[in-house]
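Letter by letter, the chains look like this.
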Amino acid sequence: MSMDSTFLDNIQILAEVDTHEEKLYKILEVYMNTFPVKNAYLFRYSPLGFIGEGIIAITSIGLLHIRDIRDDIRSLPLIYSAIYERKAKYCTGIEYLKQINIKYITTANVNSFLAIPICFGSVAIGYICTNEFDDDVKITDQLLFSFTEYGRQVGKILEKTNGPEDLQILSRREMEVMKRISWGESIKEMADTMLISEVTINQYIKTAIKKLKAQNRTQAIAEMFRRGIIS
């Protein structure tokens, strides 16, 4: 599957969605309408602790909230590889049993798994997983490329999305700093790329934490996720 007009039209549907919650649902709906898959699970990812956290899923029984799923992705080699190579990864057969945690093996006839990183530039901010596919589908290199590209396009759209309270709560610089923290950047890395001092970076963090009524930066990032300020 190449990036044809249908693919690009489907991506445009995501860009036109207004609310954060609806956008998350549309990411999976458009994904399932575009590719030969039967289910889809959406996770956010934080390099702080290598944590993947469930958001929502679409399965044969409908829309599910999967916030109870929380994993260190280092225990899931296929997802870990997809995140750090920023490419869609697929396994089947014996490799599926080797690489996937037993809680992801939902039924006896499922023996394949796909992980698609959602990336903004060189940073992974989430991923989509699928373990049921259309009958007789063959996962080719070209199809994997299209899965990868979908994750990249979704990442671009999410990072262009302003949460409903972005401008009301945090300044532009505070927002940028907190996003970079959620990506796992250090104070020094931020100072070098943003061309401002480490003292200034720390001041932005301090004021953002205060505005979000959090106790520390970890709580502040969690609060930003909760409000849909960052994805």
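A quick note: this is a predicted structure, and the numbers were derived from the prediction, not measured.

(A) Representation of the UniProt feature "transmembrane region" (unreviewed entry) in the chain. Per the UniProt record, the feature "transmembrane region" (unreviewed entry) sits at residues 45-66. Between the C-alpha atoms that bound residues 45-66 the distance is 14 Å, and the span itself is 0% helix and 68% strand.

(B) Structural view of the pattern of salt bridges. Across all of its chains, the model carries eleven salt bridges by this definition. The residue Arg-70 makes a salt bridge to Glu-53 at a minimum N-O spacing of 3.1 Å. On the criterion of sequence distance, the pair formed by Arg-70 in strand S4 (residues 70-72) and Glu-53 in strand S2 (residues 51-59) is long-range, its members being 17 residues apart. A salt bridge links Arg-180 to Glu-185; the nearest nitrogen and oxygen atoms lie 3.1 Å apart. Classification of Arg-180 by relative accessible area gives buried; the value is 16%.

(C) Focus on the packing of helix H8 (residues 187-194) against helix H9 (residues 198-211). Here H8 crosses H9 at 110°, and the two axes come no closer than 9 Å. When the interaxial angle is binned, H8 and H9 end up roughly perpendicular. Viewed along their axes, H8 and H9 form a crossing whose handedness is right-handed. Residues Ile-187, Lys-188, Met-190, Ala-191 and Met-194 of H8 touch H9, and the partners they reach there are Glu-198, Ile-201, Asn-202 and Ile-205.

Thresholds, definitions, all that
- Residues numbered from 1 in each chain as written.
- Predicted model: local features only at pLDDT ≥ 70, side-chain atom pairs only at ≥ 80, totals over all residues.
- Heavy atoms only, no water.
- UniProt positions renumbered as here; feature names shortened; annotations may be inferred.
- Helix = DSSP H or I, 4+ residues; strand = E, 2+ residues; numbered from the N terminus.
- Salt bridge = Lys/Arg side-chain N within 4 Å of Asp/Glu carboxyl O.
- Buried < 20%, exposed > 50% of the residue type's maximum accessible area, 1.4 Å probe, protein only.
- Axes fitted to C-alpha atoms, helices over the stretch in contact; angles between N-to-C directions.
- Parallel < 35°, antiparallel > 145°, perpendicular 65-115°, else oblique.
- Left-handed = near helix turned anticlockwise from the far one by under 90°.
- Contact = heavy atoms within 4.5 Å.

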